[in-house]
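The primary structure of each chain is shown beneath.
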Amino acid sequence: MDALDSAIVHINDVFWTWLLIPIVIAAGLYFTRRSRIVQLRLLPEMFRSITERTEAGEDGKRPVSAFGAFTISAAARVGTGNIAGVAAAITLGGPGAVFWMWLMAIVGSASAFVESTLAQLYKVRDREPGTFRGGPAYYMERGLGRRWMGALFAVVITLTFGFVFNAVQSNTIVATGKRSLSALVLVAVFGGALGSLTLVWNLADVFMGVMALVNLAAIIPLGAVAFRLLDDYQRQRRAGNDPVYVHNPDIADASGIECWQESRTRESASETTD
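Residues numbered from 1 in each chain as written. Predicted model: local features only at pLDDT ≥ 70, side-chain atom pairs only at ≥ 80, totals over all residues. Heavy atoms only, no water.

A.B. asks: An account of the environment of Ala 254 is needed here, citing residue identities and associated values.
C.D. replies: For Ala 254, the position within the fold is in the loop between α10 (197-238) and α11 (266-273). Spatially, the C-alpha atom of Ala 254 lies 9.8 Å from that of Tyr 122, the residues being 132 residues apart in sequence. (Helix = DSSP H or I, 4+ residues; strand = E, 2+ residues; numbered from the N terminus.)

A.B. asks: Please set out the packing of aromatic side chains residue by residue, giving values where relevant.
C.D. replies: Taken as a whole and assessed by the stated rule, the structure comprises four aromatic pairs. Taking 5.9 Å as the distance between ring centres and 55 degrees as the angle between the ring planes, the aromatic pair formed by Phe 31 and Phe 227 counts as tilted. Of this pair, Phe 31 sits in helix α1 (residues 2-34) while Phe 227 sits in helix α10, placing them 196 residues apart in sequence. Classification of Phe 31 by relative accessible area gives buried; the value is 0%. The interplanar angle of 75 degrees and the centroid separation of 5.1 Å between the aromatic rings of Phe 99 and Trp 100 together place this pair among those described as edge-to-face. With a relative accessible area of 46%, Phe 99 lands in the partly exposed category. When its relative accessible area of 55% is taken as the criterion, Trp 100 is described as exposed. Through pairs of rings, three or more aromatic residues link up here, namely Tyr 30, Phe 31 and Phe 227. Lying across the ring of Phe 132, Lys 123 places its NZ or CZ 4.4 Å from the centre. (Phe/Tyr/Trp six-rings, centres within 6.5 Å; stacked < 30°, edge-to-face > 60°. Buried < 20%, exposed > 50% of the residue type's maximum accessible area, 1.4 Å probe, protein only. Lys NZ or Arg CZ within 6 Å of the ring centre and 35° of its normal.)

A.B. asks: I'd like a description of α1, backed by residues and values.
C.D. replies: Under the 1.5 Å per step criterion, the end-to-end length of α1 is 45 Å for 33 residues, consistent within 8% with the ideal 48 Å. Burial in α1 covers these residues: Asp 5, Ile 8, Asn 12, Phe 15, Leu 20, Ala 27, Gly 28, Phe 31 and Thr 32. (Expected span 1.5 Å × (residues − 1).)

A.B. asks: Outline the nonpolar core, supporting the account with residue identities and numerical values.
C.D. replies: Among the nonpolar cores identified, the biggest contains 29 residues, and Leu 118, Leu 121, Tyr 122, Tyr 139 and Ala 252 are the most heavily contacted of them. At the level of secondary structure, the elements contributing two or more residues to this core comprise α1, α6 (96-121), α7 (136-142), α8 (147-176) and α10. The element that contributes the greatest number of residues to this core is α10, accounting for ten residues. Not counting chain neighbours up to four residues away, the residues in contact with Leu 121 comprise Val 225, Leu 229, Tyr 245, Ala 252 and Ile 257. (Core = buried A, V, L, I, M, F, W, Y, C linked by side-chain atoms within 4.5 Å. Contact = heavy atoms within 4.5 Å.)

Here is the structure:
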């Protein structure tokens with residue numbers, strides 16, 4: 001077990017220090033420049049979007065609001081790692097670690113914008129009317145035409161979040177909480193039964209690194225599509241329309257896109273609602 005742990009630690013050090021982190025920084029800086037600092041430039045538009053009123057559907061029911069979708073997304077990204085991880089970073093690196101975390105968050109926001117935009121473009125309709133599914137595996141298959149890459153990403157993210165991350169989070173909760181939680185967490189989480197926390201933690205790093213690398217290999221070549229969508233969104237806003245994706249071969253190839261709408265003005269949208 002110790003030999004395996006040491007080998008994984010060595011792989012992690014090389015993988016994260018010399019490969020993944022430089023690529024993540026370079027990609028974030030490229031997307032920031034290419035999008036003209038979209039993460040700061042469109043902050044007012046972000047606040048407008050998440051406070052916008054949701055229109056009722058054809059069945060009279062209102063879907064999840066933009067703010068509701070935002071809070072769900074934020075909740076999915078905030079876990080014990082955001083608390084314990086930040087505390088560990090400050091302990092090891094001092095207060096200056098906070099500055100670098102902020103800086104990386106700002107730079108990485110441009111990459112997150114591209115990823116989220118591509119996920120919306122290449123989503124597919126689910127069985128239940130008005131519902132959709134999508135994400136990196138879908139734009140890898142439909143945008144790049146590489147089904148094997150989407151399958152690889154799906155497997156890695158299942159291992160990362162389905163087993164390894166749950167084991168680490170369960171250990172953190174138990175270590176910082178009451179002992180009475182131990183039995184419940186260990187029963188609920190399969191990975192919590194693994195013997196070596198260090199091994200689990202290092203496996204999480206490996207899986208997360210592979211997942212990030214595969215995702216970067218997809219969003220970098222597809223980034224141009226996301227930026228053309230951004231330009232089209234802003235053109236529709238300036239024209240007084242409620243921006244929707246209307247199929248345009250100048251933006252993306254239609255073969256991998258299932259969902260688009262007809263453009264409509266704000267006036268026609270309000271008349272439909274009334």
